[in-house]
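The residues making up each chain are set out below.
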Amino acid sequence: GAGVSQSPSNKVTEKGKDVELRCDPISGHTALYWYRQSLGQGLEFLIYFQGNSAPDKSGLPSDRFSAERTGGSVSTLTIQRTQQEDSAVYLCASSSMGGHQETQYFGPGTRLLVL
Amino acid sequence: GDSVTQMEGPVTLSEEAFLTINCTYTATGYPSLFWYVQYPGEGLQLLLKATKADDKGSNKGFEATYRKETTSFHLEKGSVQVSDSAVYFCALSHWNTGNQFYFGTGTSLTVIP
């Protein structure tokens with residue numbers, strides 16, 4: 001079946017602009033995660049959605065970052081007033097029920113470049 | 001808090017060499033432990049996992065054993081191939097941290113013919 005998809009695959013924007021990144025998880029997966037992967041760094045947790053529960057936003061680096069998940073499926077990560085340090089690859093992953101033993105399935109990522 | 005430390009790269013090996021990539025963790029209780037791999041131009045994918053102490057995860061000739069006594073989950077392969085060239089990430093997750101996943105910084109492996 002279809003895996004996790006993300007769009008766009010690449011995004012170039014000017015400093016100060018807002019951007020929206022989209023994630024389509026695997027159908028039926030109730031858990032969805034956003035990570036940021038900066039050059040030479042590991043994966044930095046951003047936010048976690050699990051079913052209808054309130055999302056875990058503890059990893060969002062500033063109030064310029066927000067995310068929503070509509071209808072328990074598609075998720076959008078929004079970065080307002082982008083800064084150059086926001087340049088990174090943004091990864092989305094989903095898992096069946098979000099348990100700590102479960103495999104996460106990753107999308108190909110969105111490469112964001114802020115000029 | 002929970003965290004993962006893995007050996008820094010890059011690692012360069014000749015084909016058929018033995019591979020070890022060290023990973024140690026800090027967590028209370030018994031987290032689940034994972035190795036993910038990112039091949040060039042591809043997304044991360046699960047390589048193997050172990051969910052309780054002394055379990056051994058294995059896949060594609062790679063193995064890792066969950067050692068509670070040394071809080072380690074080292075990745076090993078007896079004979080690497082050029083196709084194993086990738087970045088390897090150690091990760092952990094635990095119910096008592098809300099099922100968040102904590103990833104290491106990744107170890108880049110290049111296998112030369």
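What comes next concerns the included structure. Not measured: the values here are computed from a predicted model. (Residues numbered from 1 in each chain as written. Chains lettered and ligands numbered in written order. Predicted model: local features only at pLDDT ≥ 70, side-chain atom pairs only at ≥ 80, totals over all residues. Heavy atoms only, no water.)

### Examining the interface of chain B and chain A
(1) Moving on: Every contact between the two is made by 20 residues of chain B and, on the other side, 20 residues of chain A.
(2) Moving on: For the pair chain B and chain A, the two sides together bury roughly 1,600 Å², of which 53% comes from carbon and sulfur.
(3) Moving on: Looking only at chain B, the three residues that lose the most surface to chain A are B:Leu44, B:Gln100 and B:Phe101, adding up to 31% of its buried area.
(4) Moving on: In this structure, the connection of chain B to chain A is made through zero salt bridges.
(5) Moving on: Where chain B packs against chain A, one counts five residue pairs in polar contact (both at pLDDT 80 or more).
(6) Moving on: Of all the secondary-structure elements, those providing two or more residues to the side of chain B that touches chain A are strand S5 (32-38), strand S6 (44-50), strand S10 (86-93) and strand S11 (101-103) of chain B. (Contact = heavy atoms within 4.5 Å. Buried area = accessible area lost by both parts, 1.4 Å probe. Salt bridge = Lys/Arg side-chain N within 4 Å of Asp/Glu carboxyl O. Polar contact = N/O pair within 3.5 Å; in protein donor to acceptor, adjacent residues only side chain to side chain. Helix = DSSP H or I, 4+ residues; strand = E, 2+ residues; numbered from the N terminus.)

### Re the sheet that holds strand S8 (residues 62-65) of chain B
All names here are of chain B.
(1) Moving on: If you walk across this open sheet you meet the four strands as S3-S9-S8-S7, and the pairing is antiparallel. Two strands bound the open sheet, and with one partner strand each, they are strand S3 (19-21) and strand S7 (56-59). Within this sheet the neighbouring strands show an average axis-to-axis angle of 15°, counted without direction.
(2) Moving on: In terms of strand pairing, S7 meets S8 through four bridges, oriented antiparallel. In the strand pairing of S8, serine 58 is matched with glutamate 63. (Pairing = 2+ DSSP bridges. Axes fitted to C-alpha atoms, helices over the stretch in contact; angles between N-to-C directions.)

### Comments concerning the packing of aromatic side chains
(1) Moving on: Enumeration according to the criterion identifies 14 aromatic pairs over all chains in this entry.
(2) Moving on: Seen in terms of ring centroids, A:Tyr33 and A:Tyr48 are 4.6 Å apart; in terms of plane orientation they differ by 10°. Their pairing is stacked. Taken as a pair, A:Tyr33 in strand S4 (residues 31-37) and A:Tyr48 in strand S5 (residues 43-50) lie far apart in primary sequence, 15 residues in all. Each member of the pair, A:Tyr33 together with A:Tyr48, is buried.
(3) Moving on: On the basis of an interplanar angle of 85° and a centroid distance of 5.8 Å, the ring pair of A:Tyr33 and B:Phe101 is categorised as edge-to-face. Of this pair, A:Tyr33 sits in strand S4 while B:Phe101 sits in strand S11, on two different chains. Each member of the pair, A:Tyr33 together with B:Phe101, is buried.
(4) Moving on: Here the aromatic cluster, defined as three or more aromatic residues joined through ring pairs, consists of A:Tyr33, A:Tyr35, A:Phe45, A:Tyr48, A:Phe106, B:Phe34, B:Tyr36, B:Phe101 and B:Phe103.
(5) Moving on: Across from the ring centre of B:Tyr30, 4.5 Å away, lies the NZ or CZ of B:Lys68, which sits over that ring. (Phe/Tyr/Trp six-rings, centres within 6.5 Å; stacked < 30°, edge-to-face > 60°. Buried < 20%, exposed > 50% of the residue type's maximum accessible area, 1.4 Å probe, protein only. Lys NZ or Arg CZ within 6 Å of the ring centre and 35° of its normal.)

The analysis is restricted to geometry; functional conclusions fall outside its scope.
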